[in-house]
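Notes for the structure review
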Amino acid sequence: QVQLVESGGGLVHPGGSLRLSCVASGSIRSINDMGWYRQAPGKQRELVANINGGGSTNYADSVKGRFTISRDNAKNTMYLQMNSLKPEDTAVYYCKGTILGWGRYSPMDYWGKGTLVTVSS
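Below: a short report on this structure. Within each chain, residue numbers correspond to sequence positions counted from 1 in written order. This being a predicted model, a pLDDT of at least 70 is required before a residue's local features are given, and a value of 80 or more before pairs of side-chain atoms are given or counted; all residues contribute to the totals for chains, interfaces and linings. Note that the side-chain values use all heavy atoms of the structure and ignore hydrogens as well as water.

1. Thoughts on the overall build of the protein
Spelled out, the test is: Secondary structure elements are defined from DSSP: runs of H or I of at least 4 residues count as helices, runs of E of at least 2 residues count as strands, and each element is numbered from the N terminus. For a compact globule the rule gives 2.2 Å times the number of residues to the power 0.38, and the radius of gyration it is set against comes from C-alpha atoms. Burial status follows relative accessibility: with a 1.4 Å probe on protein chains alone, a residue under 20% of its type maximum counts as buried, one over 50% as exposed, and anything between as partly exposed. We call two residues contacting when some pair of their heavy atoms lies within 4.5 Å.
Looking only at helices and strands, one finds zero helices and 11 strands in the protein. Traced from its N-terminal end to its C-terminal end, the protein shows the element sequence β-β-β-β-β-β-β-β-β-β-β. The C-alpha atoms of the protein give 14 Å as radius of gyration, which agrees with the globular expectation for 121 residues (14 Å, within 12%). Along the first, second and third principal axes, the C-alpha set of the protein runs to 50 × 25 × 25 Å. Relative to its full complement of 121 residues, the protein shows a buried share of 41%. Of the contacts made within the protein by residues no fewer than 6 positions apart, 55% connect residues no fewer than 24 positions apart.

The structure is reproduced here in structure tokens:
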């Protein structure tokens, strides 16, 4: 089995920073794309940023220049550095990984359970 666990969420004032982490564990042969998504109350889940195995990144327009996605392949860990946070960034943040497990023939998408980020004064 493969698990993804997010951490680092919390309450922060507008303009502040947070760093989210997502650790993948279990029967992992390789990890392809990884990404951060978020879901605000009453809204659909949306892509925040993603990163492929080679380190190429993609960001939602709403976070460009403020958020930075990165990964440490040796630790099966992905990060999201969030700066200049705004109230509209408030959401549950989820990580997703496209992972090939041992004994499987094709990669599958796995999701974490999410971590809450609240930006408020």
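2. Description of the environment of Pro 87
If you trace the backbone, Pro 87 turns up in the loop between β8 (77-82) and β9 (91-101). Look at Pro 87 and you get partly exposed, because its relative accessible area is 46%. Linking Pro 87 and Gly 42, residues 45 residues apart in sequence, is a C-alpha distance of 15 Å. In contact with Pro 87, other than residues within four places in its own chain, are Pro 14 and Val 119.

3. With respect to the state of the cysteines
Threshold: Note on terminology: disulfide denotes any pair of cysteine sulfur atoms within 2.5 Å.
On inspection of all chains with the given rule, the structure shows one disulfide. What pairs with Cys 22 in a disulfide is Cys 95, and their sulfur atoms sit 2.1 Å apart. Disulfide Cys 22 to Cys 95: torsion about the S-S bond roughly 55°, handedness right-handed. Taken together, the residues span a long stretch of sequence, with Cys 22 in strand β3 (residues 18-26) and Cys 95 in strand β9 at a distance of 73 residues. Judged on exposure class, the residue Cys 22 and its partner Cys 95 are both buried.

4. Remarks on the sheet that holds β3
The condition that has to hold: Two strands pair under a simple rule: DSSP has to find at least two bridges between them. Every axis in this analysis is a line fitted to C-alpha atoms, fitted for helices over the stretch in contact. Angles between the N-to-C directions lie between 0 and 180 degrees.
Here four strands make up an open sheet; going across it, the order is β1-β3-β8-β7 and the pairing antiparallel. The open sheet is flanked by β1 (2-7) and β7 (67-72), the only strands paired with a single partner. Neighbour-to-neighbour, the strand axes of the sheet open up by a mean angle of 15°, direction not taken into account. Bridge analysis of β3 against β8 gives six bridges, and the strand direction is antiparallel. Within β8, the position partnered with Arg 19 by the bridge is Gln 81.

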